[in-house]
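# Remarks on the overall topology
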Amino acid sequence: MSRNLQRNEDCLLNKPRIQNGPIITHFSRVNVFTAIGAAVFPGINVFAVIAAALILASCASMKTSQNQYEESVPMAREGAYASAAGIIRESKGEDYKEKDRVLYYLDLGMLQHWAGNYERSNELLSKAELAIEELYTKSISKGAASWGLNDNALDYSGEDYEDIYLNVFKALNYIAMGDEESAHVEIRRVQIKLDILEDKYKDLIDDYNSSSEAEGELVYRENQFHNDVLARYLSLLLYRAEGSYDDARIDSEAMNEAWSTQAHIYNFEKPDLPALKPPENGSALVNIVSFSGLSPVKLADTIYINTTPGMVWLTMTGQSDDYVTDNVGFNFLVIPGVNGGFHYKIQFPRLESRRSEADRIVVKFDGREVAELDLLEKMEVVARETFLLKRPLTVGKTIIRATLKNIAKEAGKDAVQKELNDQGLAGLFAGLLVGVAADVAVDATENADLRISQFFPSYAKTAEISVLPGTYHVEVEYWNGQSLMERIDHGERTFSADGLNLIESYMLR
Amino acid sequence: MKFVTKFAPAGFILAVLLFTGCATTSVTRTATDEVIDLSGRWNDTDSRLTAEYMVSSMLSGGWLGRFTSEEGRDPVVIVGSVRNRSSEHIDANTFIKDIERELVNSGRVVFVAAGDAREEIRAEREDQQSNATLESAAALAAETGADYMMQGVITSQTDAIEGKSATLYKVDMELIDLENNQKVWIDAKQFKKLVERKKNSW
């Protein structure tokens, strides 16, 4: 007797939907998977299937490599950007395969920015941008739904926030190189990408829901990020510097709107926005943009699925049932006809903030404090917002893939045990071992894709200072409570009444 | 033998995967005026066609006839800046060179060098005063002053949905009388590029 899920054709699974989240799917016809499993794996030797699963489970491409970050991330936090970049470079081929090229270009591109190698940074970030664009044409689900694979085996196509912020940092690179026209090109690209994001996942989810392959309904999370204040801030400064004050005004209005139309992202007090024109008294306007902390990392949430007769149970190690319900929408399902004894896991990535330890950043000119920076953008919140847009697809395809794998596994285990049962007690014992090995192997192939760039910052803070034109010794101090964490010496800087007087400062702790 | 039979398909698949991993490079020479659109971005063809249009439009403007009849000579034109306010990195120098070529080849205006080229020539002329013979050294203060300056700006607007993007490029050019700042000719060329990318699908 096969242990595939047994149920009537018209006995629909309950329709689980996450109440508080963007997800999920329901499987209306689980026996469709049985048919798919049989069609995909006809006549395969069960030992070969289990051996293949074990081999796949041990394959490096089935897990996200994090080795390259063990030393490079602490180095970047301490300001040793060039050394961190060296480690990333050396990891190419080992921890970064070709499928991870977007990640490699992003990681190295950002470190080169922090190291002050602006031209090199732009080359790398441009490569990342092009690769992300190319990967847009690739299927995000078909490959992953294949037997034995998980998302780690696919090309990493970048998170949307990475695609957006890479243009911001390319713009800062161009500004540092004195090419303000090219900087503005990058800023304009941010808005184009935000416009595309508006419908990107809605279209994908609509396509899935209306396709003949749909085994449930994915719920679209409405995009509520369409206006990036950090990009607008830089745009305003660039327009003001070239004397396009009306364009600067439009950026200023868009920034103002963000606090009302995107209050869930800009959920803090609005800072003083830059002046639209240089002051008439001939003063120089100096703008400080400071980045601190590191962008979020991805961690895996593992959900174990176990079945008892007629029931499917969802559990998470170390978490209560309420936690599972909050995150998935349910923690058990009543499914008449389901056999007991199924055991498999599914993994989803979630974002974990790395924040910044700096709670106060002050600017000093010639040793005298002239401004405390105000928060302009929580980049980690933007990262989370765009991450959640994609989540229904991530979760949907994970469940489909895991279910397909486990149907095939159970079919294989049944066949093996049937063969071995005829060989007495030893055979029974061997069958049991094979079953456990199959469970472990298939579970091991189901790993969340934890790839995400590590060197974007967490917060952007700014200040605008009006001073007499001239040369000043500029320092930026990063404080945690009463402790001075870091004093960044920006040296002697000359500020003029016209043009762009921008200082970028950073400390990634 | 049984082992071979059982694993032959796997071997075949492995071989296919290995062979598909081999990359080859092929190069095809094409005429420089052949239209090749790969990425959908601004390219050399856009630059050339826009320059041809602009110079043709400028030379057919009423200002040219008025100038030649009033002054009895061809006008002297200099190409100033072309600002890029698009969402792409456009090499304005290539576009400026295309315009300069069309102007010179028209034979209807006198064209003088601008920008860095002019500085380089001046430096060479200075150098000649010390190092060249008196007869062969180029005279100082004998440059031809321009009557008009051509300036422009490139803008773009992109609209995108469902894997399709349409970019409208607009190139605005104008010719300014250097004596009185009067704009004697203005024209704009617009063209749209539609790029369709096969979007992610299930």
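### A closer look at the overall build of chain B
A count of helical and extended segments in chain B gives five helices and five strands. By residue count, 20% of the 202 residues in chain B fall in the buried class. Sequence-distant contacts in chain B: of pairs separated by 6 or more residues, those separated by 24 or more amount to 65%.

### Re the confidence of the model for chain A
Overall, the prediction assigns chain A a mean pLDDT of 82, with 81% of residues at 70 or greater. Predicted confidence for residues 140-147 of chain A stays below pLDDT 50, and this span has 20 contacts to residues more than four positions away or in other chains.

### Some remarks on the sheet that holds strand E6 (residues 360-365) of chain A
All names here are of chain A. Ordered by their spatial adjacency, four strands build an open sheet running E7-E6-E10-E11, and the pairing between neighbours is antiparallel. Of all the strands in the sheet, just strand E7 (368-372) and strand E11 (483-495) have a single pairing partner and so form its edges. Geometrically, the sheet is characterised by an average inter-axis angle of 25 degrees between neighbouring strands, direction not taken into account. When strand E10 (residues 470-480) meets E11, the two strands line up antiparallel, connected through 11 bridges. Bridge pairing links Val474 to Gly491 in E11.

### Topic: helix H13 (residues 424-445) of chain A
The terminal C-alpha atoms of H13(A), which comprises 22 residues, lie 32 Å apart, in line with the 32 Å expected from a rise of 1.5 Å per residue. Among all positions in H13(A), only Gly435(A), Ala438(A), Asp439(A), Ala441(A), Val442(A), Asp443(A) and Thr445(A) are buried.

### Remarks on the confidence of the model for chain B
It should be kept in mind that the predicted coordinates are not to be read in detail where pLDDT is low. Residues and elements named next belong to chain B. Counting all residues, the mean pLDDT for chain B is 83, and 80% of those residues have values of 70 or more. Across chain B, helix H3 (residues 62-71) holds the top mean pLDDT of 95, while helix H1 (residues 2-20) sits lowest at 46. Of the regions scoring below 50 in pLDDT, residues 1-14 engages in zero contacts with residues more than four places distant in sequence or in other chains. Within the model, pLDDT remains below 50 along residues 16-21, and this stretch shows zero contacts once partners closer than five positions in the same chain are excluded.

### Section: the environment of Ala131(A)
With respect to the secondary-structure elements, Ala131(A) resides in helix H6 (residues 118-135). Ignoring sequence-local partners within four residues, the contact set of Ala131(A) consists of Arg101(A), Val102(A) and Tyr105(A).

About the criteria used
Residues numbered from 1 in each chain as written. Chains lettered and ligands numbered in written order. Predicted model: local features only at pLDDT ≥ 70, side-chain atom pairs only at ≥ 80, totals over all residues. Helix = DSSP H or I, 4+ residues; strand = E, 2+ residues; numbered from the N terminus. Buried ≥ 20, exposed ≤ 12 C-beta atoms within 10 Å, placed from the backbone. Contact = placed C-beta atoms within 7 Å. pLDDT = per-residue confidence, 0-100. Pairing = 2+ DSSP bridges. Axes fitted to C-alpha atoms, helices over the stretch in contact; angles between N-to-C directions. Expected span 1.5 Å × (residues − 1).

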